[in-house]
Each structure stands twice: as structure tokens, then as C-alpha cells.
Amino acid sequence: MGGGQVDLRRAVIPPGEQAIIDIMSMMGGFEIIVPESWVVDDRTMPIMGGVGNETRPALTPGGSHPTLILRGMMFMG
């Protein structure tokens, strides 16, 4: 019944590599802040809530960008 925030702006994923975060949130919001060069692959499932991705599209389509994969569920948040 609360929210959370993870700031990954100082984290490093090598170009072309992936990192995975598993998320489970209930009755609250969660914010993940990432570097602008990362691509976010959102595979989460919201139930009675919503998910937003405010990252910018990759500057070079098809390039080898670091990718953050988000998996999990958000209930009523």
C-alpha cells in the first residue's frame, strides 16, 4: 500500500547486453529511472491499474543498445 522508486542512472549495462528486473507491486505505484541510452522492454502485467513507459526511442534503430527487461505484475497501482 505504498510506492517505490529505483534510480538506475548510475548503473551500467554493456552495449548489446540485457538486465532483468522482476517487479511485484500491490496497491501502490513504482517508478524506475534509467539512463537515456537504455531501451526498456516492458513485459509487466497491470491488473486494475496502468503502466507507463516514458523513455525516448533509441536514436539508432537496430543498434546494440543496453536493454532493461521488466517482468512482473502490478495490482491496483
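Residues numbered from 1 in each chain as written. Predicted model: local features only at pLDDT ≥ 70, side-chain atom pairs only at ≥ 80, totals over all residues. Heavy atoms only, no water.

**Q** What is the right way to look at the layout of surface pockets in this model?
**A** Where empty space is left can be seen by rolling a probe of water-molecule size over the atoms. What the largest pocket holds in volume is close to 650 Å³. Every residue lining the largest pocket is counted, 26 residues in all, and those nearest its centre are Glu31, Ile32, Gly52, Asn53 and Glu54. Looking at the lining of the largest pocket, the elements that each hand over two or more residues are β2 (18-26), β3 (30-33), β4 (39-47) and β5 (67-75). At four residues, β3 tops the list of elements feeding residues into the lining of the largest pocket. Its residues assigned to classes, the lining of the largest pocket shows twelve nonpolar, nine polar and five charged. (1 Å grid on protein atoms, 1.4 Å probe; cavity = no way out; pocket = protein on both sides within 12 Å on 5 of 7 lines; lining within 4 Å. Points joined across faces, edges and corners; volume = space filled by probe spheres on them. Helix = DSSP H or I, 4+ residues; strand = E, 2+ residues; numbered from the N terminus. Nonpolar A, V, L, I, M, F, W, Y, C, P; charged D, E, K, R; others polar.)

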